[in-house]
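Spelled out, the chains give:
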Amino acid sequence: MNMREQIEAAAARYPDQRSAIMPALLIAQKEHGHLPGPVLEEVSDILGVERVWVYELATFYTLFHTEPVGLFHLQLCDNLSCMLRRSEDLLRHLETVLGIEKGGTTPDGLFTLSTVECLGACEMAPVMQVGDDYHGDLDIARIDALLDRLRAAAGQATGAELAAAAPPGE
């Protein structure tokens, strides 16, 4: 099923097409890797909703990316519970070992590093989301082990997946 068909099938479950914007954005992002303007416009056209409604959701929620991200998007929580458990130290460590600053992507396209306001997992603080997975009770040793596992997983990724994850111009 192509993206249009998937979005139409998802939208059929909702009485109001506006309610289908979030599932449609998830489908589009899975297809394209991120949500540039033309993709947002396509989602709007498929659903028959105002473009601003689609844009509002795509730019509000941290699960949507309007710019390309690495194969592994590291989203470190920096809210109070995580901050009290030293997430700032983990951020500095990640920036050092990855050689990028918050908001950046490694030159090989493997990692994008972001902070997010809250992941809603305070019991696991400090916590980081990678893709759909949460990793909690983090310390530097656990971060390093996680990065090693992700690098190993990337070694098994196809060339097309790595090329799609590489930042533009790399």
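Conventions and cut-offs
- Residues numbered from 1 in each chain as written.
- Predicted model: local features only at pLDDT ≥ 70, side-chain atom pairs only at ≥ 80, totals over all residues.
- Heavy atoms only, no water.
- UniProt positions renumbered as here; feature names shortened; annotations may be inferred.
- Salt bridge = Lys/Arg side-chain N within 4 Å of Asp/Glu carboxyl O.
- Helix = DSSP H or I, 4+ residues; strand = E, 2+ residues; numbered from the N terminus.
- Buried < 20%, exposed > 50% of the residue type's maximum accessible area, 1.4 Å probe, protein only.

- The protein appears in an unreviewed UniProt entry as NADH-quinone oxidoreductase subunit NuoE from Allomesorhizobium camelthorni.
- As recorded by UniProt, the Sequence similarities (unreviewed entry) comment attached to the protein reads in full: "Belongs to the complex I 24 kDa subunit family."
- Its UniProt record, at the heading Catalytic activity (unreviewed entry), says of the protein: "a quinone + NADH + 5 H(+)(in) = a quinol + NAD(+) + 4 H(+)(out)".

### Overview of the pattern of salt bridges
- For the structure shown, the criterion picks out seven salt bridges.
- Across the pair Asp 137 and Arg 85 runs a salt bridge whose closest N-O atoms are separated by 3.9 Å. With Asp 137 in the loop between β4 (133-135) and α7 (140-155) and Arg 85 in the loop between α5 (80-84) and α6 (87-98), the pair connects residues that are 52 residues apart, well separated along the chain.
- For Asp 89, the salt bridge is made with Arg 92, and the minimal N-O distance between the two is 2.3 Å. You can see Asp 89 and its partner Arg 92 sitting in helix α6, three residues apart, about one turn around the helix.
- Asp 89 gets classed as partly exposed once you look at its relative accessible area, which sits at 23%.
- Given the relative accessible area of 48%, Arg 92 is considered partly exposed.
- Three or more residues are tied together by salt bridges with common partners; here these are Glu 41, Asp 45 and Arg 51.

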